[in-house]
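# Structural description and commentary
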Amino acid sequence: MDKARKLFIAGNWKMNKTVAEGLDLAKDLKRDLALVRDVDVAVCPPFTGLYQIGQFLDGSNIKLGAQDMYWDKFGAFTGEVNAAMLKDVFCACVILGHSERRQFFHDTNETVNKKTKAALAARLKPIVCVGETLQERESGRTELVVKDHVTGSLAGLKAEELVEITIAYEPVWAIGTGKTATTRQAQEVHAFIRKLLADMSDSSTAARIRIQYGGSVKPANAKELLGQPDVDGALVGGASLVARDFVDIINNARS
Ligand code: 13P
């Protein structure tokens, strides 16, 4: 692989899999991906599966991530979990600001920013999601929206913090729809994000930050998408629920 940045492919299981089902999937992945060292791999089960799946994967080359967290340290926040609790159940990373959370659960740039800072303070690596809706793309506002998400969600972060973050560019219209951004559309936005990151820090910092693509990534399109110069991995939804598909995505991206 000739990219400066190591590919990072993560599976976002969303609200799928009981503990037993998740363990079955993790077992297949641990076996089939045991030799993969040239790509960073993570799975992000729902909260209920984290402890057991994390324990099972601990020490393997597959990292564990959560799908969200709250920024405060502890206290009266019914229904929430904090960064230390995620670390306690083996998490190395956490997805923040996913479009489904922005859309259905009122996440905003401000709350994503607080969560990002709290994750970094706990040494949990954030995967910060950004991306436009179909309506925003069709009205020519893709760059405006992506800029707002990137600068708002990452406001106030220093260069040494930015390099700990992964950005996931997930055009909302491509999520779960079977519609993938073309390689050109993806590369254009990824290059734009890297320029924004350079403006927020400097170009050598921006060159170290990984930008994943997400939205209907499948074995058949992984190689082409992840072959783009500024596409440094993928955040995979539906196809990460099937071991064969997730493994094929990783192997196709490596080839
Ligand atoms: P799909 O791969 O199912 O389109 O989901 C993408 C996604 O939202 C990953 O976070």
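Presented here is a report on the structure given in the accompanying data block. (Residues numbered from 1 in each chain as written. Predicted model: local features only at pLDDT ≥ 70, side-chain atom pairs only at ≥ 80, totals over all residues. Heavy atoms only, no water.)

## Thoughts on helix α5 (residues 109-121)
Since the α-helix packs 3.6 residues into each turn, any two residues three or four apart lie on the same face. To keep things clear, this is the line we draw: Runs of H or I in DSSP of at least four residues are treated as helices and runs of E of at least two as strands, each being numbered from the N terminus. By this rule, a helix spans an expected 1.5 Å times one less than how many residues it contains. Relative accessibility thresholds used throughout: buried, under 20% of the residue-type maximum; exposed, over 50%; partly exposed, between the two (1.4 Å probe, protein chains only). A contact between two residues is defined here by any heavy atoms of the two lying within 4.5 Å.
Under the 1.5 Å per step criterion, the end-to-end length of α5 is 18 Å for 13 residues, consistent within 8% with the ideal 18 Å. Here α5 has its buried residues at Asn-109, Thr-111, Val-112, Asn-113, Lys-115, Thr-116, Ala-118, Ala-119 and Leu-120. For α5, the elements touching its buried residues are α3 (83-88), β4 (91-96), α4 (99-104), β5 (125-130), α7 (142-153) and α8 (159-162). A positive backbone phi angle near 60 degrees is found at Arg-123, which sits one or two residues after α5.

## Some points on the side chain of Ser-60
The test is simple: Here a polar contact is recorded for every N or O atom pair within 3.5 Å, except that within protein the pair must consist of a potential hydrogen donor and a potential acceptor, and residues adjacent in sequence are included only if both atoms are side-chain atoms.
Looking at where Ser-60 falls in the secondary structure, it is placed in the loop between α2 (47-57) and β3 (62-66). A polar side-chain atom of Ser-60 sits 2.7 Å from the main-chain carbonyl oxygen of Leu-57.

## Considerations on the pairing of strand β2 (residues 39-44)
Threshold: Here a strand pair is declared whenever DSSP counts at least two bridges between the two strands. Note on handedness: a crossover is taken as right-handed if, strands pointing away from the viewer, the path from the first strand over the helix to the second is clockwise.
The buried count for β2 comes to five of six residues, which makes it a mostly enclosed element. Where strand β1 (residues 7-12) and β2 come together, six bridges link them in parallel fashion. Its bridge partner being in β2, Asn-12 is matched across the sheet by Cys-44. With respect to chirality, the unit in which β1 leads through helix α1 (residues 19-32) into the neighbouring parallel β2 is right-handed.

## Some words on the site of the ligand
This is how the line gets drawn: Consider each residue's heavy atoms; a residue with any of them within 4 Å of a molecule or strand counts as near.
In the vicinity of the ligand, the contacting residues are Asn-12, Lys-14, His-98, Glu-170, Ala-174, Ile-175, Gly-176, Gly-215, Ser-216, Leu-235, Gly-237 and Gly-238. Take His-98: an N or O atom from its side chain is 2.8 Å from an oxygen atom of the ligand. The separation between an oxygen atom of the ligand and a polar side-chain atom of Glu-170 is 2.9 Å.

## Details of the side chain of Asp-230
Relative to the assigned elements, Asp-230 resides in the loop between α11 (219-226) and β8 (233-236). For Asp-230, a relative accessible area of 13% corresponds to the buried category. Setting aside anything within four residues of it in sequence, one finds Asp-230 in contact with Arg-5, Gln-187, His-190, Ala-191, Arg-194 and Ile-211.

## Describing the pairing of β8
Side chains Gly-233 and Leu-235 of β8 all project onto a buried face; the interleaved residues Ala-234 and Val-236 project onto the opposite face, where all are buried too. Here β1 pairs with β8 via four bridges, running parallel. Note on β8: the bridge partner recorded for Gly-11 is Val-236. Two elements, strand β7 (residues 210-214) and β8, share two bridges in a ladder whose sense is parallel. Across the sheet, residue Gly-214 finds its bridge partner in β8, namely Leu-235. In terms of handedness, the path from β7 via α11 over to β8 forms a crossover that is right-handed.

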